[in-house]
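One-letter residues, chain by chain:
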Amino acid sequence: MNRTSTDLARYRDLGREGGLAAGLAAVLEGVDAAATAPGGVAVLPAVLPAGTDGPGGTEVLPHPFAALDGLALVRFAADTPGAAPGPGLTGRTAAALTAVRIGVLSGLLDAAVERLSARRFGGVPLIDHQFVGGSLADVATEAELAWSGAVREAAADQDAPAGAVWARHERLTEAGWAATRLFGAEGYLTDHPARSLHLSALTADLWLARPSTAEGDR
Amino acid sequence: MVELDERLRALRGAAAETAGELRAHAMALDADPHGTGPHLKTAAFDLIRRCTTPERFGGEPLRVGPFGYSTGSSLDTLVWMVELAHGDAGMVLAAPGPSLTGILVDQLGDDGQQEWFHRAVADGATWAFFAVTEPGRGSDAAGMETALRREDPGLYRLHGTKKYIGNGARGAVGVVFARTGSGPLSIRAALVEAADPGFDGRALPMVGLRGAALAEIRLDGVAVPEERLLARHLPPTRRGLWGAVRVFNTVRPQVAALAVGTGLACVDLVRAERPGAPGLDEVAARLEACRDLVYRAGAALDRDRDDGRLPSQAKIAAVAAAREAARWAVRSLGPAAQADHPLLEKWTRDVNAFEFMEGTSDIQRLHVARALVRGGGRTGGQP
C-alpha cells in the first residue's frame, strides 16, 4: 500500500468505525469552511439546535435527523469573510471525503450481509436470492471503484475537474441508496444506522461544486 | 396512450387547482407529521374525502361542472392523485379518510361492515390503518405470525405486532390481518378500533414522506367480535390474503402516481430556477411517460382487479424516475439548492419512500416476470 492509500485508509476507517461526523471532521481539518463551501451552505460535524447561530457566523438550518449523526446543516452569513461561493472540496480533500463515505458504506454493508443472511423469504435466506445478492455485489463493486478513483485523485499532481469529482460521488450516492434498500423499510427509519447513507449524500451535495453545464448534461 | 376524456380532464384540472395549497403546507407537516390539525381544512383533503367516501354511506361525491365522480374507479383516483402529489405527496398521505383500508372493506366487507367503517372515517378528521406487515417479514405476508385466537363462540383476540403501518398511531379504525391457524387459508382480516384495550400504536421516525405517519402496532389481546371479521359471507379462498393482494394491486399504481407527482414537482422547481437546465426536457418527458403508464395501469385495473402486471410495472418505472428527477434537480440547481429550497431537500428524502411501499421494486419485478410466464399479456403496449 502506497502512502496515498495509507492516508486515505485512515479516513475510510474513521468513517467506518467512528461514523460520518468523525470522518467529516477529519476531512475538514485545516479547511476554511466558509471560504470553501461552494454554495454558502454546508454540513458540519456539530450538533447545533436549528434556528440558532452556529460557529463562525453560521445559521443552523432545520433538518429532521442530521443531529442524530452529530451533524448540522448550516448557512454561512453573507458577511462572513470568504462566504462567497467557494470551490468546494477538491483534490485530496474530495478524495478524503470519498474515503469517509466508503467507510460509512462499508460498515453498513457488513450490517446488511448479517441481516440478509438471517432473514428468509420463501424458505431461502434473502442473501441467496439473485436480486439481493446481485445488488450487494454491485454496491461492493462501486465501493472498490470509488476507492480506486479516490486514490488516483489523491495522488494526482492536479485536481480533477469538478465534473469528475461530482460523478464519482454521485455513483457513491447511488450505491448508498442501493445499500439502503438492502435493509428494507427499517432502513428508512431515522433510528436505523442507514440514515447515515442519506446524510452522506447530503454532505457530498453541499460540499462539492457542480460540473459545468456541458458536463451536467447527461 | 390514455387520452383523458372531458370528464377526466375536468377532474384533473380541479385537482391541480388544489395542489399549490398542499405544497404550502408541506414543510410544516414534515416538521411535525402528527400535527395535522392545521391542514385538515385544505381543499385537497376535501377533494380526497369526496372521492373516497361512498355516497351510500354519507359521502358527498365531487362534482366538477356537469360531471360527477363516484368512488371505486382506479383511473379516476390516479388522475387526481398525480395532481395532488404534484403539490406534495406527504400531504396526500396525511389526508384523513378510508385510504387503502376502504378498498379492502369494499372488497371483503358485508353491507353492515362497509357502512360501519365508512361512516367511522367520514368526518374529515379520522384516519384508518391497514395492518399487514410485520417486523422482520416485510415482503413475506404469508409468513405473518400475528394470531387471531378464538376465546369464546363469537369472540376472538388478536396477539402480535405489526410494523410500518400508515396511520398506525393516529388511525381510529382499521383492519388487522392475522391467522387463526397455520394453513394458507387461515389468514383473516379483522376490523379493529384503536381505542380497544390491548391496542398500542407507536409512531416510527421516518426519513421522509413523514405525512404517511408510519407506526408500529402492538396487539395484546385486542377483542374482535365475530361480526368484525371481514369476508364471513365469502368462500374461504376469498377471506384472507386474496383481499390484501387485490388491495396491493390497486394501491401500487397509486404509489406510482405519488412518485410521478413528486418527480414533476422537482421539474417545476428546476424549470422555475434554471429554465435552460440540461436534461429538463428528458426528465419531464420520462415522467410524463410514467404518468401515462400509471393511467394505463388504472384502466387495466378497472377492467380486471386481479391484473397486477401493469400496476407493478408502473411502480417500478415511476419510483426510479422520481428518484432520478430528484437527483437531477440537486445536480442542476447547485450546492445551495437544498438549503435555499427546503422542499427540494424534503423531496430528496420523500422519493426514497416509494421504493418500500406496497412491495419493493424487486418484488414488483417478480410479479411482472410471473405474469409474463403465465402469459398474462404481451409487452409493449399490447393488452
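Read on for an overview of the structure. On a predicted model such as this, the values are computed, not experimentally measured, just so you know.

Considering the overall build of chain A
Counting its secondary structure elements, chain A contains eight helices and six strands. Listing each helix as α and each strand as β along chain A from the N terminus yields α-α-α-β-β-β-β-α-β-β-α-α-α-α. Compactness check: chain A gives a C-alpha radius of gyration of 18 Å against a globular reference of 17 Å for 218 residues, within 12% of the reference. Taken over 218 residues, chain A has a buried fraction of 48%. In chain A, the proportion of contacts linking residues at least 24 apart, taken out of those at least 6 apart, comes to 73%.

Digging into the overall build of chain B
In terms of regular secondary structure, chain B is built from 11 helices and nine strands. Rg of the C-alpha trace for chain B: 20 Å, near the compact-globule value of 21 Å for 383 residues, within the 12% margin. In terms of overall dimensions, chain B has C-alpha extents of about 70 × 50 × 45 Å along its principal axes. In chain B, which comprises 383 residues, the proportion classed as buried is 57%. At a minimum sequence separation of 6, the contacts of chain B that also span at least 24 residues come to 75%.

Quick look at helix α4 (residues 99-108) of chain B
Residue and element names in this part refer to chain B. Within α4, nine of the 10 residues are buried, leaving the element largely enclosed by the surrounding structure. Burial in α4 covers these residues: S99, L100, T101, G102, I103, L104, V105, Q107 and L108. Where α4 is buried, its residues touch α2 (43-52), α5 (111-120), β3 (127-131), β6 (171-179), β7 (187-193) and α6 (241-273).

Side note on the packing of helix α4 (residues 91-118) of chain A against helix α7 (residues 195-207) of chain A
Residue and element names in this part refer to chain A. Running from N to C, α4 and α7 point in directions that differ by 170 degrees, and their axes come no closer than 10 Å. Judged on the interaxial angle alone, α7 and α4 are roughly antiparallel. Side by side, α4 and α7 meet where L97, R101, V104, L105 and L108 of the first sit next to S196, L197, S200, A204 and W207 of the second. Looking at the contact of α4 with α7 residue by residue, the class counts come to seven nonpolar, two polar and one charged.

Re the packing of α4(B) against α6(B)
Residues and elements named next belong to chain B. Running from N to C, α4 and α6 cross one another at 135 degrees; their axes reach a closest spacing of 9 Å. For the element pair α4 / α6, the angle class is oblique. As α4 runs across α6, the sense of the crossing is right-handed. Mapping the contact onto sequence places L100, I103, L104, Q107 and L108 in α4 and G243, R246, V247, T250 and V251 in α6. Looking at the contact of α4 with α6 residue by residue, the classes come out as six nonpolar, three polar and one charged.

A short note on the interface of chain B and chain A
Contacts between the two partners involve 29 residues from chain B and, on the opposite side, 34 residues from chain A. The set of elements that each furnish at least two residues to the side of chain B that touches chain A consists of α1 (6-31), α8 (309-333), α9 (337-340), α10 (342-356) and α11 (361-373) of chain B. For the side of chain B that touches chain A, a count of residues per class yields 13 nonpolar, nine polar and seven charged.

Re the environment of B:D220
Residues and elements named next belong to chain B. Along the chain, D220 turns up in strand β9 (residues 214-225). As for D220 and G198, which are separated by 22 residues in sequence, their C-alpha atoms are 4.5 Å apart. Contacts of D220, omitting those with residues within four sequence positions, involve H159 and G198.

The rules we used
Residues numbered from 1 in each chain as written. Chains lettered and ligands numbered in written order. Predicted model: local features only at pLDDT ≥ 70, side-chain atom pairs only at ≥ 80, totals over all residues. Helix = DSSP H or I, 4+ residues; strand = E, 2+ residues; numbered from the N terminus. Rg over C-alpha atoms; globule rule 2.2 N^0.38 Å. Buried ≥ 20, exposed ≤ 12 C-beta atoms within 10 Å, placed from the backbone. Contact = placed C-beta atoms within 7 Å. Axes fitted to C-alpha atoms, helices over the stretch in contact; angles between N-to-C directions. Parallel < 35°, antiparallel > 145°, perpendicular 65-115°, else oblique. Nonpolar A, V, L, I, M, F, W, Y, C, P; charged D, E, K, R; others polar. Left-handed = near helix turned anticlockwise from the far one by under 90°.

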